[in-house]
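Structure assessment
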Amino acid sequence: MPERLPAIALLATGGTIAGAQSEDAAHAYRAGAVPVGQLLAAVPGLERLARIQAEQVANVGSQNMTHAVWAELARRIEALCRDPAVDGIVVTHGTDTLEETAYFLSLVIRHDKPLVLVGAMRPATAPGADGPANLFHAVALAGNAAARGRGPLVVMNEDIHYAREVQKVACAGVNAFASPNRGRAGVMRGSAASFFSRNDTLHSTASAFSLQALEAAGWPRVDVVHAGVGLDGELVDFLAARSRGIVLAGVGDGNATDLALRALQRAAGAGVAVVRASRTGSGRVARNVEVDDDALGFIAAGELSPQKARILLMLGLSLTQDPAALQDFFDRY
Ligand code: GLU
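Residues numbered from 1 in each chain as written. Predicted model: local features only at pLDDT ≥ 70, side-chain atom pairs only at ≥ 80, totals over all residues. Heavy atoms only, no water.

**Remarks on the packing of aromatic side chains**
Evaluation of the coordinates by the stated rule reveals 5 aromatic pairs. Ring centres 4.4 Å apart and planes at 10° place the aromatic pair Trp-70 and Phe-104 in the stacked group. Pair noted here: Trp-70 is in helix H3 (residues 67-82) and Phe-104 is in helix H4 (residues 98-108), with a separation of 34 residues, a long-range link. Take Trp-70: its relative accessible area is 4%, and that puts it in the buried class. Judged by its relative accessible area of 0%, Phe-104 is buried. Seen in terms of ring centroids, Phe-209 and Phe-329 are 4.8 Å apart; in terms of plane orientation they differ by 65°. Their pairing is edge-to-face. (Phe/Tyr/Trp six-rings, centres within 6.5 Å; stacked < 30°, edge-to-face > 60°. Helix = DSSP H or I, 4+ residues; strand = E, 2+ residues; numbered from the N terminus. Buried < 20%, exposed > 50% of the residue type's maximum accessible area, 1.4 Å probe, protein only.)

Written out as C-alpha cells, the structure is:
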C-alpha cells in the first residue's frame, strides 16, 4: 500500500509568487495576477508530495495587505486547524509584508498544526522564477510532522525561518530573507527539512492574544516614527492626538533627538504607549541603557523590528494599557 499523502490546504493571497511581468520593465510588473490553480500547475512533482486543496483568499500585492484580510485569513486558518482531515496549511503571500503577516498569525492562531508562509522574489513569468521551488518546499514542510508546534514558518530560497525572526532584508534578489538575530530555523533539501533550533518564544498555542480580543478593541491604532538626524517633535505630537501607540524606529539602540524624546515623553504622559525599537535591523533594544525608560514611561522593543513591534503593541493594547504589562509582552513574545 502506498503511504497516504498529507492533506495540505493552500490559501493564496497574491504577491510576486503569483505575479506577471509581460516585459522587462518596472511598470509592466503586476503582483497577484496569476490564480492559484496556475501556480500549482507550475510546480513539478507536487502531486507526489501532497493532496492539495487550494483557495484564493485574496489576490493583492502585500503592500496592500489589510487588517480585514488578516482577520479573514486568521479565521480560515483557525477553521482548517480544527479540521482533522487537514494535516498542514500553506499561505502564499507577497514578500513585502510577509514577515508581518507571519508574526501576526503567530500571535493569534492558537494551534500547533504546521502553518507555512511562502512567497517569491521573481514573478511567475520570469526566467528562473523562484516561486515553484519555494512552493514545493512549503508544501513539503507543511506536510512534515517536525514543523508542528513551531508557530508559523516562512520558507524562502531553501531556508526555513521562524515568524518572529524573519525579515526581508533586501528589496531584490532571491536571498532577500534572513533571521538576523537568532538565525534560521533550518533548511530544506528537496522535500526534507532539517531544523537547527526550537522556537522558545511565546507563540501559537501559548499566545495570550486573540483575533476576537483585537476586533473587540477595534484594532488599536499604532504608528511608527522613523528617527534620524534633526527629527523634531511635530510628527510625534501629531500622532499622540490620534494613536493609541507609537513605535519609535530609533537610531542605534532605539534612540532619537532630545526634541523627539521630549515629545514621546509628553505622549506617554498622556497615556499613549511608546515603544522604542531600532532602525538598524538587528540587535536587542534593552531598557534604561541610553534612554531612561523608567523615568520617561517608555517600553523597550527588545529584538523586534519596528514593524513587528507595531503588531505586538496593537495586540498588547487589545488587552491592557499598562506600560509594565506591555513591557512584559515585549520581553516574552
Ligand atoms: N510588492 C509585492 C508584494 O509584496 C511584490 C513583491 C513580492 O511579492 O516579492 O506582494
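**Concerning the sheet that holds strand S5 (residues 88-92)**
Taken in spatial order, the 8 strands line up as S4-S1-S5-S6-S7-S8-S11-S12 in an open sheet, and their pairing is mixed. The open sheet has two free edges, formed respectively by strand S4 (51-56) and strand S12 (192-195), since each of these has just one partner strand. Pairs of neighbouring strands in the sheet enclose a mean axial angle of 25°, with direction left out of account. Across 6 bridges, the pairing between strand S1 (residues 7-12) and S4 is parallel. Paired with Ala-9 across the bridge in S4 is Gln-53. Sheet strands touched by helix H5 (residues 131-142): S1, S4, S5, strand S6 (115-118), strand S7 (153-156), strand S8 (159-162), strand S11 (186-189) and S12. Its angle to S5, the strand with the most contacts, is close to 155°. (Pairing = 2+ DSSP bridges. Axes fitted to C-alpha atoms, helices over the stretch in contact; angles between N-to-C directions. Contact = heavy atoms within 4.5 Å.)

**Overview of helix H8 (residues 258-269)**
Over its 12 residues, H8 extends 16 Å from the first C-alpha to the last, a length consistent with the 16 Å expected when each residue adds 1.5 Å. Here the buried face of H8 lies against helix H7 (234-240), strand S14 (245-250), strand S15 (273-278) and helix H9 (293-296). (Expected span 1.5 Å × (residues − 1).)

**A few points about the side chain of Ser-179**
By the secondary structure assignment, Ser-179 is in the loop between strand S10 (177-178) and S11. With a relative accessible area of 7%, Ser-179 lands in the buried category. A polar contact of 2.7 Å, which involves the side chain of Ser-179, links it to the side chain of His-161. Apart from the residues within four sequence positions on either side, Ser-179 is in contact with His-161, Glu-165, Val-166 and Arg-184. (Polar contact = N/O pair within 3.5 Å; in protein donor to acceptor, adjacent residues only side chain to side chain.)

**With respect to the environment of Ala-120**
Locating Ala-120 in the fold gives a position in the loop between S6 and H5. Accessibility expressed as a relative area gives 1% for Ala-120, which makes it buried. Separated by 53 residues in the primary sequence, Ala-120 and Gly-173 place their C-alpha atoms 9.7 Å from one another. When residues no more than four places from it in sequence are discounted, the contact partners of Ala-120 are Thr-16, Ile-17, Thr-95, Asp-130, Gly-131, Asn-134 and Met-156.

**Observations concerning the UniProt feature "binding site: substrate" (unreviewed entry) in the chain**
In the numbering used here, UniProt assigns the "binding site: substrate" (unreviewed entry) feature to Ser-62, Thr-95 and Asp-96. In summary, the annotated positions, though distributed over 35 residues, converge in three dimensions, the widest C-alpha pair being only 6.7 Å. Tracing the backbone shows Ser-62 in the loop between S4 and H3. Here Thr-95 lies in the loop between S5 and H4. A relative accessible area of 5% places Thr-95 in the buried class. (UniProt positions renumbered as here; feature names shortened; annotations may be inferred.)

**Focus on the site of the ligand**
Close to the ligand lie 10 residues; Thr-16, Ser-62, Gln-63, Thr-95 and Asp-96 are nearest. Between the ligand and the protein, one listed contact pairs a nitrogen atom with a side-chain N or O atom of Asp-96 at 2.5 Å. Protein coverage of the free-state accessible area of the ligand, which is 280 Å², stands at 91%. (Near = heavy atom within 4 Å. Areas by Shrake-Rupley, 256 points an atom, 1.4 Å probe, with all protein chains shown as cover.)

**A few points about unusual backbone geometry**
Here the phi dihedral of Asn-157 falls at roughly 55°; this positive angle occurs in a residue that is not glycine. The partly exposed category is assigned to Asn-157, whose relative accessible area is 32%. Even without being glycine, Ser-204 reaches a positive phi, approximately 45°. Overall, the relative accessible area of 4% leaves Ser-204 in the buried class.

**Considering the packing of H4 against helix H10 (residues 306-317)**
Put simply, H4 and H10 touch, their axes get as near as 10 Å, and they point 30° apart. In terms of their interaxial angle, H4 and H10 are classed as roughly parallel. Both H4 and H10 take part in a crossing whose hand is right-handed. Facing Glu-99, Glu-100, Tyr-103, Phe-104, Leu-107 and Val-108 of H4, the residues of H10 in contact are Gln-307, Lys-308, Arg-310, Ile-311, Leu-312 and Leu-315. (Parallel < 35°, antiparallel > 145°, perpendicular 65-115°, else oblique. Left-handed = near helix turned anticlockwise from the far one by under 90°.)

**Some thoughts on the layout of surface pockets**
By volume, the second largest pocket is sized at about 160 Å³. Lining the second largest pocket, in full, are Gln-167, Val-224, His-226, Ala-249, Ser-278, Arg-279, Gly-281, Ser-305, Pro-306 and Gln-307. Within the residue set of the lining of the second largest pocket, elements represented by two or more residues are strand S13 (222-226) and H10. For the lining of the second largest pocket, the class distribution of residues is 3 nonpolar, 6 polar and 1 charged. (1 Å grid on protein atoms, 1.4 Å probe; cavity = no way out; pocket = protein on both sides within 12 Å on 5 of 7 lines; lining within 4 Å. Points joined across faces, edges and corners; volume = space filled by probe spheres on them. Nonpolar A, V, L, I, M, F, W, Y, C, P; charged D, E, K, R; others polar.)

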